[in-house]
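Here is what each chain is made of, one letter per residue.
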Amino acid sequence: MTMQSFDDVLRKVGECGLYQKRILFIVCVTSGAVIMHNLSPVFTMKIPPHSFGRRRMYLVMVLGMTATGVGLIFVSNLTTLMVLRFLTGATTTGAYLPAYVIPLEMQGPSYRRMTGLVTRTMSTIMVLLGGLCAFLLRDWRSYQACVLSPCIVILVGYFFVPESPRWLVSKGRLDEAQKIVDAMAKTNGVSIAPKLSSAMFDKKDNSQNRGTRVTPLQLFRVPRLFVRYNLLYLSWILIVLCNYGLSYNVTNMSGDIFLNYTVLNLVEFISLFLFFFLIERIGRRHFLLASIGTGGVVCLAAILPTVLGGSDWIFRALSFFGRMCVSAGFVAIYVLSPELFPTVLRSFGLGSCSMMSRFGGLASPYIADLNTYVSGMWGPALPQMVFGVAGLLTAVMIFFLPETRGRNLPETVRDAELFGRIPDDDLAFSTEAEILPMAKNEENMFASNGSEKHTI
């Protein structure tokens, strides 16, 4: 009897049926609320004229996001504001990650791109609505209350979001996972759901079989994975630097801030359109290469009208186009990254990527405001130069990552180490205790696959 992976189970009960769509809609409101909170400083802080499991962590962070959001409405001094903004940043990121991972792990390989597409689409719509609220209200306290309102939907929707069955299987909690799979099959119109067996769990690393807990350190003891994940971390830092920096830079552009903000977020729909139609056709890695690389070139080109004395609209148009390209890459890296980590550490993987990206997020407002420190014609051009170089460096690093399109997700550390080097059918069947050197037949297979031999 052929041993099945969890992706095989999803293919039988429905890769993206009504059950998954319902959950995806609920958590999409979370992603929208998170982005609204993250971009709210564009209006509220503008300088005036002068792994517990995915579900439990999701609840804790949503409650924290709600509490800090309420506090920001009534803040009356700078110290309190700084503390609450810090806590808001921590809880919104913490809420976004499990909200993204849960539906991702419930969808089959053919539909995983939908998680990134739908969450980002919902985020863009809600961010645009947030900008409309800021334009109509013109009061930061009222605007903060508006940003907080989606939390009501999130708290109610929490009770309809189950724990990730894939995570439950990785922890050996098969009975709980089976109940969710049964409910998934029933909702999706499948009469009989596949039964989860201990054989599926036996595909994990021998370190788990011996009762030893799998830790993140195991990912970095393998040279190939060490290099791969560090390249991924650096890519996240630079992409977030560009994505948020270009968003915050809207306050430094000439013209009306509300119009610039609206146009900046409207171009996101174009990036989502490109993502939807190209991510499966050309693959995650090639899409990231094209989008981030193009964004870097466009950002560098945006300095020309500033230095040569061109129209402000040319500068803004190039900035908007660069933001569109970077935004498309930002959606794609959210799809690529968790697919490179094994199930037992996938939540850690995406969480650690997001954590590292905060370095880019911390630096982004200061880079966007370089024009306030440097006078003359080079002031407005400096942020674009930094964003452009960062985009090109990211494209170079993405070049060395493996493609994940249409492949089963790696279940174990061993799977992750072999990912991109051997076919799906050979993954998750080894029970050797150690990460063994590449066998001779694997070397031949690796050498014969010219399109992947440069990946790590």
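Refer to the preceding data block for the structure.
Residues numbered from 1 in each chain as written. Predicted model: local features only at pLDDT ≥ 70, side-chain atom pairs only at ≥ 80, totals over all residues. Heavy atoms only, no water.

**Student:** So what's going on with unusual backbone geometry? Which residues, and what values?
**Tutor:** We note that R138 has phi near 55°; this positive angle belongs to a residue other than glycine. With respect to the helices, strands and loops of the structure, R138 is situated in the loop between α6 (112-137) and α7 (140-148). (Helix = DSSP H or I, 4+ residues; strand = E, 2+ residues; numbered from the N terminus.)

**Student:** Account for the pattern of salt bridges, with residues named and values stated.
**Tutor:** Scanning the entire structure with this criterion turns up four salt bridges. Across the pair D8 and R11 runs a salt bridge, and its minimum N-O distance is 3.0 Å. With D8 and R11 both in helix α1 (residues 6-13) and three residues apart, the pair spans about one turn of that helix. Between E417 and R414 there is a salt bridge whose closest N-O contact spans 3.4 Å. One end of the pair, E417, and the other, R414, are both in helix α21 (residues 413-418), three residues apart, so they sit about a helical turn from each other. The same class applies to E417 as to R414, namely buried. (Salt bridge = Lys/Arg side-chain N within 4 Å of Asp/Glu carboxyl O. Buried < 20%, exposed > 50% of the residue type's maximum accessible area, 1.4 Å probe, protein only.)

**Student:** Which residues make up the side chain of T68, and what values do they have?
**Tutor:** Mapping T68 onto the fold places it in helix α4 (residues 54-73). Of the polar contacts made by the side chain of T68, one reaches the side chain of T88; its length is 3.2 Å. Residues in contact with T68, not counting those within four places in the same chain, are L84, L87, T88 and T91. (Polar contact = N/O pair within 3.5 Å; in protein donor to acceptor, adjacent residues only side chain to side chain. Contact = heavy atoms within 4.5 Å.)

**Student:** Tell me about the packing of aromatic side chains, and name the residues and values.
**Tutor:** In total, this model carries twelve aromatic pairs according to the counting rule given. A centroid spacing of 6.1 Å and a plane angle of 70° characterise the contact between F220 and Y229, whose relative ring orientation is edge-to-face. The exposure class assigned to F220 is partly exposed, which follows from its relative accessible area of 24%. Among the aromatic side chains, those forming a connected cluster through ring pairs are F220, F226, Y229, Y233 and F341. Across from the ring centre of F419, 4.6 Å away, lies the NZ or CZ of R407, which sits over that ring. (Phe/Tyr/Trp six-rings, centres within 6.5 Å; stacked < 30°, edge-to-face > 60°. Lys NZ or Arg CZ within 6 Å of the ring centre and 35° of its normal.)

**Student:** Before we move on, can you summarise the environment of M122 with the specific residues and values?
**Tutor:** Here M122 is to be found in helix α6. Under the relative-accessibility criterion, M122 is labelled buried at 19%. Other than its neighbours up to four places away in sequence, M122 contacts F25, C28, V29 and G32.

**Student:** Any chance you could break down the nonpolar core for me, citing the residues and the numbers?
**Tutor:** Among the nonpolar cores identified, the biggest contains 56 residues, and Y229, L232, W236, F275, L288 and Y334 are the most heavily contacted of them. For this core, the secondary-structure elements that each account for two or more residues are α5 (78-105), α14 (223-248), α15 (257-282), α16 (284-301), α18 (312-340), α19 (346-368), α20 (378-398) and α21. Counting residues per element, this core draws most heavily on α14, at 14 residues. Among residues more than four places away in sequence, those in contact with L232 are S337, L340, F341, C353 and L401. (Core = buried A, V, L, I, M, F, W, Y, C linked by side-chain atoms within 4.5 Å.)

**Student:** Outline the packing of α16 against α20, supporting the account with residue identities and numerical values.
**Tutor:** Close contact between α16 and α20 brings their axes to 7 Å; oriented N to C, the two are set at 160°. The angle between the axes of α16 and α20 places the two elements in the roughly antiparallel class. As α16 runs across α20, the sense of the crossing is left-handed. Across the interface between the two elements, R285, L288, L289, I292, G293, G296, V297, C299 and L300 from α16 touch Q384, M385, F387, G388, V389, G391, L392, T394, A395 and I398 from α20. Taken together, the residues that form the contact of α16 with α20 break down as twelve nonpolar, six polar and one charged. (Axes fitted to C-alpha atoms, helices over the stretch in contact; angles between N-to-C directions. Parallel < 35°, antiparallel > 145°, perpendicular 65-115°, else oblique. Left-handed = near helix turned anticlockwise from the far one by under 90°. Nonpolar A, V, L, I, M, F, W, Y, C, P; charged D, E, K, R; others polar.)

**Student:** Run through α4, naming residues and quoting values.
**Tutor:** Along its 20 residues, α4 runs 29 Å from first to last C-alpha, staying within 8% of the 28 Å computed at 1.5 Å per residue. Buried within α4 are the following residues: R54, Y58, V62, G64, M65, T66, T68, G69, L72 and I73. (Expected span 1.5 Å × (residues − 1).)

**Student:** Mind laying out α15, listing which residues take part and the relevant values?
**Tutor:** For α15, spanning 26 residues, the distance from its first C-alpha to its last is 36 Å, which sits close to the expected 38 Å at 1.5 Å a residue. Where α15 bends most, at F275, the angle is about 30°. Listing the buried residues of α15 in full gives I257, F258, N260, Y261, L264, N265, V267, E268, S271, L272, F275 and I279. A positive phi of about 95° marks G283, the residue just after α15. (Bend = angle between axes of the 7 residues up to and from the residue.)

**Student:** Break down a nonpolar patch on the surface for me, with residues and values.
**Tutor:** The grouping of I125, L129, L132, F135, L136, L137, L266 and F269 at the surface amounts to a nonpolar patch, some 720 Å² of accessible area in total. Elements supplying a minimum of two residues to the nonpolar patch: α6 and α15. Among the elements that take part in the nonpolar patch, α6 stands out by supplying six residues, more than any other. Inspection of the secondary structure puts F269 in helix α15. On the basis of relative accessibility, which here comes to 31%, the residue F269 falls in the partly exposed class. (Patch = residues over 30% accessible without salt bridge, like charges linked within 9 Å, V, L, I, M, F, W, Y side chains within 5 Å. Areas by Shrake-Rupley, 256 points an atom, 1.4 Å probe, with all protein chains shown as cover.)

**Student:** Describe the environment of T294, naming the residues involved and giving the relevant values.
**Tutor:** For T294, the location among the structural elements is in helix α16. Under the relative-accessibility criterion, T294 is labelled partly exposed at 35%. In this structure the C-alpha to C-alpha distance between T294 and C325, which are 31 residues apart in sequence, comes to 6.6 Å. Those residues in contact with T294 that lie beyond four places of it in its chain are L289, F321 and C325. Looking at T294, its side chain comes within polar contact range of the main-chain oxygen of A290, at 2.6 Å.

**Student:** If you had to explain the environment of V127 to someone new, which residues and values would you point to?
**Tutor:** Topologically, V127 is positioned in helix α6. Sequence separation between V127 and L266 is 139 residues; the distance between their C-alpha atoms is 9.8 Å.

**Student:** Give a detailed account of the packing of α4 against helix α8 (residues 150-157), specifying residues and quantitative values.
**Tutor:** If you want to describe how two helices pack, look at the angle between their axes and the distance between the axes. For the pair α4 and α8, the least separation of the axes is 10 Å and the interaxial angle reads 155°. Relative to α8, the element α4 is oriented roughly antiparallel. Of the two elements, α4 crosses α8, and the hand of that crossing is left-handed. Each of Y58, V62, L63, M65 and T66 in α4 lies in contact with α8, whose residues at this interface are C151, I154 and L155. Among the residues making up the contact of α4 with α8, the classes are represented as seven nonpolar, one polar and no charged.

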